[in-house]
Amino acid sequence: MHADWIIDYLQGQLQRQGQSTLSQQVYKLLREAIARQQLVADTALPASRMLAQALQIGRNTVLAAYDQLLAEGYLYSRPGAGTFVSPAFSSLGQPTATARGHAGLSQRGQALSEQYRLPTGLTGAFAPGLPELRQFPHAVWQRLQHQHNRQAPSHWWHYQQEGGLPALRQAICTYLQLSRSVHCQPEQILVVQGAQQALELTARLLTDPADQAWMEDPGYAGAQAAMQAAGLHIIPVPVDSEGLNPAAAPPDSRPRLVYITPSHQYPSGVVMSLARRLELLQHAEADNSWIIEDDYDSEFRYDAQPIASLQGLADSARVIYIGTFSKVMFPAMRLAYLVIPPALVDAFRSAYARLYREGCYAQQAALADFIEQGHFARHIRRMRDLYRIRQQLLRSTLQQAVGEAIPLSSGQAGMHLVASLPPSINDQQLSQQAAREQLWLRPLSRHFLGAQQRNGLVLGYAGVEDNDIRRSALRLAQLVEPLL
Ligand SMILES: Cc1ncc(COP(=O)(O)O)c(C=O)c1O
């Protein structure tokens, strides 16, 4: 909505003889427009003087409404530039549960849409999960894409049903065998549109509604959504220094599915110990349950000894391994893969074809060449070096500014660090306060599913330039210091 439309909208809605004050009405109407996404992120609001004149109300009335929206984080202001809609809040603000209920959603639909929504599409410090896209070899990628679009055989324009382009499945298989010690053959690879789709497909095919699923606590909201969509009964299982701890699960629980991120637990960063991996594999064999191993960012390991995948540890037929190109290439690529136990390959392929359909072989051919020609390995090596330096910069800047007051996770791998906060600091309030200045601090407490919660901040550094890391880390320290 443009500034002119904001004035029209308020003019049409304000009730001059209404029960609530004009300032309350302006506040409420703007808040609702933000929540409904009629006012989108970074929209400039009319200057208070201009709005007051147009509506023929006092300027203080407008200022009071703006101040309240600023205090609650719906708006942010830039000195000299004006007042704008906050990106964090325009994507968080959702219709109320009651409104959704009236819209006729199923219980599952309500549960899915009621979930706290992490703002997406944010860039800059410290938006988690974003790779450095400015240094992606765009020219090479575009050349390969053009080449394969031009040369695509006519049958590539139809639906496909091979589980992914054979050349890409072969390239992925070789890569996984060599770098992740995964036990696989190309036939076991199923190429899909993102890890999220892989999670949903797996949950649907291996469970029935109301089955139990163990989720890491704290854990990945995307996996939780996939389990919810499959109608599963989610059991949060606490993560300790060795990863998900089966001994901490309710004694009588019998999961059909266990979701884990053993190489780099999301979000805590813990690497699952060998003993824990073996314990989980034994559980799965004994209980006939399935393990989903989500290996989403293990390419970025900074210590000498990369840990092999859990799938490759034992020739377990009970592990579904999932990897994604979102972090090593770019998130909008929407390409990921599953490694499926041989006995399930046909079922997964045909269910995938029925539920989602297959295609995009020209893009897959470009990716196969990108891997085969060495661009992929080179890009990973370069990004690994870059991310290591950025992590170090974030760590040293924060440590110099606040010492050990906010301990940081070990950072052996991945693209983010977790800063622990004392219980007295409310991470959600801090995150809202920072969002007003376009500083993205994802609250750790939002990742907890069970009763136990810890306060902290998930700080993505991979896609943030050095200057921004330094400046934003100092600002974060300034925000935290008075609260310590
Ligand atoms: C734990 C985890 N798994 C998977 C993904 C990637 O999912 P996708 O391939 O759907 O982009 C992410 C992205 O943030 C993640 O954090």
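Residues numbered from 1 in each chain as written. Predicted model: local features only at pLDDT ≥ 70, side-chain atom pairs only at ≥ 80, totals over all residues. Heavy atoms only, no water.

**What to know about the sheet that holds strand S12 (residues 442-443)**
Taken in spatial order, the three strands line up as S11-S13-S12 in an open sheet, and their pairing is antiparallel. Bordering the open sheet on either side are strand S11 (416-420) and S12, each of which pairs with just one other strand. Pairing of S12 with strand S13 (residues 456-460), which is carried by two bridges, proceeds in the antiparallel orientation. Residue pairing across strands places Arg442 opposite Val458, the latter belonging to S13. (Pairing = 2+ DSSP bridges. Helix = DSSP H or I, 4+ residues; strand = E, 2+ residues; numbered from the N terminus.)

**Looking at the site of the ligand**
In the vicinity of the ligand, the contacting residues are Gly194, Ala195, Gln196, Tyr220, Tyr259, Tyr266, Asp294, Tyr296, Thr324, Ser326, Lys327 and Arg334. Ala195 is positioned such that a nitrogen or oxygen atom in its backbone is 2.7 Å from an oxygen atom of the ligand. Interatomic distance of 2.7 Å between a side-chain N/O atom of Ser326 and an oxygen atom of the ligand. For the ligand, whose accessible area on its own is 400 Å², the fraction buried by protein is 88%. A per-class count over the shell around the ligand returns five nonpolar, four polar and three charged. (Near = heavy atom within 4 Å. Polar contact = N/O pair within 3.5 Å; in protein donor to acceptor, adjacent residues only side chain to side chain. Areas by Shrake-Rupley, 256 points an atom, 1.4 Å probe, with all protein chains shown as cover. Nonpolar A, V, L, I, M, F, W, Y, C, P; charged D, E, K, R; others polar.)

**Remarks on the domain arrangement of the chain**
Assigned domains within the chain: domain 1 (3-92), domain 2 (152-373) and domain 3 (378-483). Taking only C-alpha atoms, the centre of domain 1 and the centre of domain 3 are 31 Å apart. Facing the eleven residues of domain 1 at the interface are five residues of domain 3. Counting the contacts that link domain 1 with domain 3 gives zero salt bridges. (Domains from an automatic or database assignment. Contact = heavy atoms within 4.5 Å. Salt bridge = Lys/Arg side-chain N within 4 Å of Asp/Glu carboxyl O.)

**Some points on unusual backbone geometry**
A cis amide bond, omega -10°, links Ala125 with the succeeding residue Phe126. Between Asp217 and the following residue, Pro218, the backbone shows a cis peptide bond with an omega angle of 5°. Tracing the backbone through its elements, the reader meets Pro218 in the loop between strand S4 (212-217) and helix H11 (221-229). At Arg357, a position not held by glycine, the phi torsion is positive, near 70°. You can see Arg357 is positioned in the loop between helix H13 (345-355) and helix H14 (361-372). Taking the relative accessible area as the measure of exposure, Arg357 reaches 40% and is therefore partly exposed. (Buried < 20%, exposed > 50% of the residue type's maximum accessible area, 1.4 Å probe, protein only.)

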